[in-house]
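Understanding the architecture of this molecule
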Amino acid sequence: MKNYKNELFTEKIHLHELITKNGVKNIYDAVSQCTRCGYCLESCPSYVADKKENYSPRGRNQTIRMLIEGKQKDVNLAKDIIDTCLLCGACTNICYGSVATPDITLEARREERDFGNSFIYKAIINIRKKRKTFDLILKTFYIMHGMKLDKLADKLGMFDFLGYPSLSNAVKKLIKPPKKFLHEEINDLMPKEAEKAGWIYFLTCGTDYMFTNVGKSSISVLKKIYGNGIFMKNLCCGLISYNYGSLNDAKEHALKNIEIFEELRKENPNAFIVADCSSCVAFMKSYPQMFLGEEENYKRALEFSSKVKDIIEVVKPEHLSDIKLDGLKDKKITIHHSCKAYNDQGLKDEEEKVLKPILKENLIELNESNMCCGGAGAYSFTKPEFSNKILYRKMKNISETQADITLVSSTSCLMQMGYGSKTHYSTEVKHYVELIDEILK
Amino acid sequence: MKTSEIEKAIEEISDIVGYNNVKTDEATKLVYSYDASMVRAKPCGVININDIELISPVVKVLYSHSIPYTPRLAGSNLSGGATNQKGGFIINLCGCDKIRQIDTLKGIAVVEPGVVNLKLQKELEKFGFFYPPDPASQKVSTIGGNIAENAGGPQCLKYGVTSNNIIRLDVVLPDGTEAHFDLNDKGPQIISLFAGSEGTLGIIKKAYLKILPIPKYFLTIYSEFKTLEDSMKAVTDTIKKGIIPKAMEVTDKLSIKAAGKEKEIDKETEAMLITEIDSDSEEEIKSQKEEIIKIFNFNGALKTETSCDKNKSEELWKLRKEAYPSLARIANNILVEDGCVPRSELVSTVKKIKRILEENAITAGLVFHAGDGNIHPNIVFDERDVKETNRIRKAAKEIIKEYITAGGTISAEHGVGVEKRGFILLQHSKETINLIRRIKKEMDEKNVSNPDKKIPVRNDFEKLERIEFEISENVKILIKEIKKRYEEKIPTAVTGYGTQLKEIPQNVEKIDTMDLKKVLNFDKDNMTITAEAGMKAKNLVDFLKSEGFYIPIPPSESSLGGIIARNDFLELRDLILSMDIILSNGEFARFGGKNIKDNSVYDIPKLMIGSMGSLGIITSVSFKIFKENRNFKITKTKNEKNITPVHIKIKKAFDPDNLFNPFMTEELYGAKL
Ligand SMILES: Cc1cc2nc3c(=O)[nH]c(=O)nc-3n(C[C@H](O)[C@H](O)[C@H](O)COP(=O)(O)OP(=O)(O)OC[C@H]3O[C@@H](n4cnc5c(N)ncnc54)[C@H](O)[C@@H]3O)c2cc1C
Ligand code: SF4
Ligand code: SF4
């Protein structure tokens, strides 16, 4: 089925083909695989938040199919349907045909009038290219936050201007902005010997600019478990551009990172790349999709992505055997499975496998543990109403476990649920690796 | 439908549900133009109702403007039931999803229609209870949708389909009036009409469901067979032995192949059978297990594996559960041509289906709720390929015809909706269809409540030759007599053994079914018996006993027709599979056959329960039978008076001239005709 009925999804701004669980497919074939069975409905956070077909995976797939077939004329008329998707992948995970709904939906989003064309987005991309300027702007905000000026700034719409995903909410939700960004002090934390590294640390933006402690924990844990490692001095993984702006820009970032890796690999042939934000990791694992049809780059991306690991998958049960727990003894702990780990990477029980033997009955199972928390990058900023409903559901589930500590693996979840722990149910929201670090100490 | 009417209605409805909850934008209309079937139809708008108390006021407005509406829940039905063919409104009830009450003492759960089946199960599990109907779609499909489609699932073999698990329904009738119906109501069992009615008779607002304690023990038996026939025979032999497993599911090799799991099964294996038994007694599990394995081995099982461990059992179920998903991975569309045949016809029907598939070069996996005679060919295709789709459609029709000619039904559990309404003309007689139409007409005068569903819109009656019981000479005599009386408008008192109808007025002539006392069909393989309605309960029980079988009906002097007409005990309805009826105009209407499941038309056999001869003369009935008395419960029906506006309409649909037991009309139906 190669024949599109109209021009949609054929222009440059799109991925023409997707790597689905059933092989490489063009968008029309991929979306037509949705049989309309509805099996995914209850797994979809936006559907359960509002119980309307408009906000369901099936609704999105059918809308997009009708767009392609010309039955729906204008994507902008269906903006609400397309934009409310969190791209969390829960639907694909449960769908019998593994329909790639989030990927398909994102391609439709690229078709919208204002997608990626906004002045704000472009401004950020440009500022971000000059790291020093970006750092300076962000620091100014953090200082303002300390002085509570951020509320004013928010009112003035200044965060919108900055446009960093979720920044408006982020600053609202940011509990403690770091004094120093991680890239400013990372060299002091890394192992001193730089030879024959077993691992390459990829510093994600969230860790770098907001949750520096997560990065510190990762490095400390990696050192203990895998010994020698190096810092990748990477660029942003490109996910922001991929999701909110230019595909080309995302590809540029990817290629640059691939290049850095290829260079490092010469000296460290066996090293794997590791990062501590599941969203970035999942995206890097999907790099090849962006290079379908570009033979050489596709191969390089494939090689790169095969080396990328989530911090939650490199910590194994044996690394924590004969550990005696003291400080955590009476704490109840539960695990929120960040969607990008669980749904996209298929990392479904890595944390349990490690923690169950040591925490035993103190590790409490969380109902709907893999349902998105409503963070989802800029979602909490662009769709606050949905985001809050989804967050409420998540926090309600957590409150039922009565957990003292809730573990996550993506910085977006850290921010969103950290906020939820202040407004809904009080629990200490931590990155999984922070707990592992604590235990290993 | 005039635009101005729609606009007025929108105004009024917005006042009730809020402007935000009435959507008429194009994008919304498009996402409510489909369900899980192939049917598409664009509504004029969508009304979101999140509070069950608002259903009635909204429906009243729609009715007053004569605007058609379709209630909708998860939209997972496979027959087009949740689309609106007439360009009316979709009423989205998914937001009505509260579990109102769980009463483990009384064994009742009270829920709103939008409660997702699995969600209810999870809540019940906390109390050690469960709600038996377990459709494969239970992760999304709702109780309201399940009732409307009379959904079934694997464990319905033991516990019955949705209809067997409802106690009371609160309903908003097509004109917006509210009413409730209970199994204990006096008069015809109207509640039974709603199970499987697909929203054509009103909207279910609240449901009172039967819940049961989870049995303490269970056992899963996985087995493989050399032929499909062997596996089916193993199923019927098990059931014949008097064992009623919770589930007996057969999957054919094609499905296993499609799942890419060929290597996991024996080379010779052509069919896989998964059986599950449950009980509160460990002893019973043990003895049943031994017996089942003996039966399986006798039927040439290549392999059997058992487990009572939850995780291991899940492993054993895996191949069966993979059957549908694996097809979904290779295909864009799957047509599940759901049908049911008497268990004794299962093997031969499957052979014919396989031939049809082959002849049409169609890829399909076959799965069966084998214990029920329920067949699911899962046909894969791509609906974008018009030629292929037509070929599939043609083959599907041939398959449907095989169901019908085998004495089976066009719909076991997936409803009729739009997809199958035409097939009704092949299965049922003109008389039967016309009665169904009259019921719809009476209950929904303006034809607004989910119109054009469930009932054929065409008139080319072409009932196929099929395996069914002959109409006996005695019945023919009765028909002739009733026809004569109809022409002369002579009222009739329908009596069983004359014992129950006390004061029959002078002008009314009696008629009885005393001469109808034969067993018409006794099918040991299918575990059913069809007897004429004049047969004494005692005689039926004795007959079965002499043959080594059992039916849980008290062995009284009462006629079978009488027991049914009086609604003697609640469990009776779970035994009744089909019925033949003579209407007051002398027409003969047949409902169902020897099928364990039949959702082709409204459940008239159950409606007749409690009708006291006032709707029609029951001439014969098919019952489920058993091998032994397994502590069946007999609960006396309370027969509480609960007359609703529906009552007199039902009477009118059956007997517009008030000729059958006219002296009871006021008492039973609350009005004169
Ligand atoms: C993958 C898959 C597997 C399935 N497996 C099974 C199975 O094993 N067994 C089975 O029986 N079915 C099965 N089905 C079919 C389907 O799930 C059932 O028919 C289910 O009961 C439909 O429920 P729903 O909530 O989706 O209702 P919907 O599809 O939304 O509606 C069904 C019908 O009910 C009407 N309706 C909706 N609300 C009301 C109301 N409040 N009052 C009255 N009428 C109403 C609608 O108008 C429509 O006609 C399956 C479907 C799929 C896609
Ligand atoms: S996305 Fe998958 S699960 Fe959802 S309706 Fe489509 S086919 Fe069914
Ligand atoms: S990706 Fe997430 S939000 Fe989007 S349709 Fe799928 S389940 Fe829903």
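Look above for the structure.
Quick summary incoming for the structure in this document.

Calculation rules
- Residues numbered from 1 in each chain as written.
- Chains lettered and ligands numbered in written order.
- Predicted model: local features only at pLDDT ≥ 70, side-chain atom pairs only at ≥ 80, totals over all residues.
- Heavy atoms only, no water.
- Helix = DSSP H or I, 4+ residues; strand = E, 2+ residues; numbered from the N terminus.
- Rg over C-alpha atoms; globule rule 2.2 N^0.38 Å.
- Buried < 20%, exposed > 50% of the residue type's maximum accessible area, 1.4 Å probe, protein only.
- Contact = heavy atoms within 4.5 Å.
- Areas by Shrake-Rupley, 256 points an atom, 1.4 Å probe, with all protein chains shown as cover.
- Salt bridge = Lys/Arg side-chain N within 4 Å of Asp/Glu carboxyl O.
- Buried area = accessible area lost by both parts, 1.4 Å probe.
- Polar contact = N/O pair within 3.5 Å; in protein donor to acceptor, adjacent residues only side chain to side chain.
- Nonpolar A, V, L, I, M, F, W, Y, C, P; charged D, E, K, R; others polar.
- Pairing = 2+ DSSP bridges.
- Axes fitted to C-alpha atoms, helices over the stretch in contact; angles between N-to-C directions.
- Near = heavy atom within 4 Å.
- Parallel < 35°, antiparallel > 145°, perpendicular 65-115°, else oblique.
- Left-handed = near helix turned anticlockwise from the far one by under 90°.
- Disulfide = S-S within 2.5 Å.
- Core = buried A, V, L, I, M, F, W, Y, C linked by side-chain atoms within 4.5 Å.
- Phe/Tyr/Trp six-rings, centres within 6.5 Å; stacked < 30°, edge-to-face > 60°.
- Lys NZ or Arg CZ within 6 Å of the ring centre and 35° of its normal.

1. As for the overall build of chain B
Summing up its helical and strand segments, chain B has 21 helices and 26 strands in all. Computed over its C-alpha atoms, the radius of gyration of chain B comes to 24 Å, within 12% of the 26 Å expected for a compact globule of 673 residues. Viewed in the frame of its principal axes, chain B has a C-alpha envelope of about 75 × 65 × 50 Å. Counting over 673 residues, chain B shows a buried share of 64%.

2. Considerations on the overall build of chain A
If you tally the helices and strands in chain A, you get 26 helices and 10 strands. When the 441 residues of chain A are sorted by exposure, 62% land in the buried category. Looking at chain A alone, contacts between residues at least 24 apart form 75% of all its contacts between residues at least 6 apart. Per element, the accessible surface of chain A, about 18100 Å² overall, is 52% carbon and sulfur.

3. So, the pattern of salt bridges
Counted according to the given criterion, the structure contains 81 salt bridges over all chains. The residue K303 of chain B makes a salt bridge to E224 of chain B at a minimum N-O spacing of 3.7 Å. Of this pair, K303 of chain B sits in strand β15 (residues 301-307) while E224 of chain B sits in strand β12 (residues 217-225), and the two are 79 residues apart along the sequence. On the accessibility criterion, K303 of chain B (30% relative accessible area) is partly exposed. Across the pair E359 of chain B and R355 of chain B runs a salt bridge, and its minimum N-O distance is 3.3 Å. You can see E359 of chain B and its partner R355 of chain B sitting in helix α12 (residues 346-359), four residues apart, about one turn around the helix. Residues joined in a network through salt bridges with shared partners are R36, R65, E69 and K71 of chain A together with R40 and E383 of chain B.

4. Let's talk about the interface of chain A and chain B
Opposite the 34 residues of chain A that make contact, chain B presents 41 residues. Summed over both partners, the interface of chain A with chain B comes to about 3100 Å²; 52% of that surface belongs to carbon and sulfur atoms. Of all residues in chain A, R36, K51 and Y96 of chain A give up the largest surface area on contact with chain B, accounting jointly for 23% of the area buried on that side. There are five salt bridges connecting chain A and chain B. A salt bridge links R36 of chain A to E383 of chain B; its shortest N-O distance comes to 3.0 Å. Linking chain A to chain B there are 14 residue pairs in polar contact (both at pLDDT 80 or more). Within the residue set of the side of chain A that touches chain B, elements represented by two or more residues are α1 (27-32) and α3 (57-68) of chain A. Top element by residues in the side of chain A that touches chain B is α3 of chain A. It accounts for six residues. Residues belonging to the side of chain A that touches chain B are distributed by class as follows: 13 nonpolar, 11 polar and 10 charged.

5. Side note on the sheet that holds strand β4 (residues 89-92) of chain B
Residue and element names in this part refer to chain B. The sheet built from four strands is open, its strands ordered β1-β2-β4-β3 with mixed pairing. Every interior strand has two partners, whereas the edge strands, β1 (22-23) and β3 (69-72), have only one. Relative to strand β2 (residues 45-48), β1 is paired through two bridges, and the arrangement is antiparallel. Following the sheet pairing, K23 is matched in β2 by V46. Contacts from helix α3 (residues 55-64) reach β2, β3 and β4, with the element oriented near 175° to β4.

6. Re unusual backbone geometry
Not every positive phi belongs to a glycine, and K51 of chain A is a case in point at roughly 55°. With respect to the helices, strands and loops of the structure, K51 of chain A is situated in the loop between α2 (45-50) and α3. Look at N450 of chain B: it is not a glycine, yet its phi comes out positive at around 40°. Locating N450 of chain B in the fold gives a position in the loop between α15 (430-443) and α16 (473-488). Residue classification places N450 of chain B among the buried positions, given a relative accessible area of 1%.

7. Examining the environment of L407 of chain A
Residues and elements named next belong to chain A. Within the secondary structure, L407 sits in strand β9 (residues 405-408). Residues L407 and E351, 56 residues apart in the sequence, show an inter-C-alpha distance of 9.2 Å. Discounting chain neighbours no more than four positions away, the residues touching L407 are I333, T334, I335, H336, L355, K430, H431, Y432 and L435.

8. A few points about the site of ligand 1
The local shell around ligand 1 holds 33 residues, among which P71, S76, S137, T142 and I204 of chain B are the closest. More than one chain approaches ligand 1, the contributing ones being chains A and B. Here an oxygen atom of ligand 1 and a backbone polar atom of E413 of chain B are 3.1 Å apart. The fraction of the free accessible surface of ligand 1 (970 Å²) that becomes covered by protein chains is 98%. Looking at the shell around ligand 1, the elements that each hand over two or more residues are β3, α5 (143-149) and β10 (203-210) of chain B. Here the shell around ligand 1 takes four residues from α5 of chain B, the largest share from any one element. Residues that form the shell around ligand 1 fall into these classes: 14 nonpolar, 15 polar and four charged.

9. Considerations on the packing of helix α8 (residues 228-240) of chain B against α12 of chain B
To describe two helices that pack against each other, one gives the angle between their axes and the distance between the axes. Residues and elements named next belong to chain B. Look at α8 against α12: their axes get within 10 Å of each other, and the N-to-C directions meet at 150°. By the angle between their directions, the pair α8 and α12 is classed as roughly antiparallel. Every pair of crossing elements has a handedness; the one defined by α8 and α12 is right-handed. Contacts between α8 and α12 involve L228, E229 and M232 from the first element and L346, V347, V350, K351 and K354 from the second. Looking at the contact of α8 with α12, its residues break down into five nonpolar, no polar and three charged.

10. Describing the site of ligand 3
All names here are of chain A. By nearness alone, 13 residues border ligand 3, and C44, R60, C85, C88 and C91 come closest of all. For the shell around ligand 3, the secondary structure elements donating two or more residues are α3, α5 (90-94) and α6 (101-109). In the shell around ligand 3, the residues fall into 10 nonpolar, two polar and one charged.

11. A look at the pairing of β4 of chain B
Two faces belong to every sheet, and in a regular strand the side chains alternate between them. Residues and elements named next belong to chain B. Residues of β4 alternate between two faces, with F89 and I91 on one and I90 and N92 on the opposite face, all of them buried. Two elements, β3 and β4, share four bridges in a ladder whose sense is parallel. Counted as the bridge partner of Y69 is F89 from β4.

12. Some words on helix α20 (residues 645-654) of chain B
All names here are of chain B. For α20, the tally of buried residues reaches seven of 10 residues, placing the bulk of the element in the interior. Among all positions in α20, only V646, H647, I648, I650, K651, A653 and F654 are buried. At its buried positions, α20 is contacted by β9 (178-182), α7 (191-194), α15, α19 (604-607) and α21 (665-669).

13. A word on the state of the cysteines
Counted under the stated rule, the structure contains zero disulfides over all chains. In this structure C236 of chain A is a free cysteine whose sulfur lies 3.9 Å from that of C205 of chain A, the closest cysteine sulfur available. With no disulfide of its own, C340 of chain B lies 12 Å from the sulfur of C156 of chain B, the closest cysteine sulfur.

14. Let's talk about the nonpolar core
Across soluble globular proteins, nonpolar side chains show a tendency to be buried alongside one another. Residues F296, I439, I604, F623, I650 and F654 of chain B are the most contacted members of the largest nonpolar core, which totals 127 residues. Residues contacting I439 of chain B, with those up to four places away along its chain left out, are L193, Y602, I604, I650, A653 and F654 of chain B. Listed in part, the 60 residues of the second largest apolar core include I186, I219, I333 and L366 of chain A.

15. Description of the packing of aromatic side chains
Under the definition given, this model contains 16 aromatic pairs over all chains. Ring centres of F261 of chain A and F304 of chain A lie 5.5 Å apart, and the angle between their planes is 85°; this geometry places the pair in the edge-to-face category. Pair noted here: F261 of chain A is in helix α16 (residues 247-267) and F304 of chain A is in helix α19 (residues 295-307), with a separation of 43 residues, a long-range link. Taking relative accessible area as the criterion, F304 of chain A reaches 0% and is therefore assigned buried. Ring geometry for F522 of chain B and F549 of chain B: centres 5.5 Å apart, planes at 90°, overall edge-to-face. Note that F522 of chain B is positioned in strand β22 (residues 519-523) and F549 of chain B in the loop between α17 (537-546) and α18 (560-566), a separation of 27 residues in sequence. Here F522 of chain B falls in the partly exposed class, since its relative accessible area comes to 22%. The class of F549 of chain B is buried, set by a relative accessible area of 6%. An aromatic cluster is defined as three or more aromatic residues linked by ring pairs; in this entry it consists of Y242, F261, F283, Y287 and F304 of chain A. The side chain of K446 of chain B reaches across the aromatic face of Y63 of chain B, ending 4.4 Å from its centre.

Everything listed is a geometric property; what it means functionally is a separate question.
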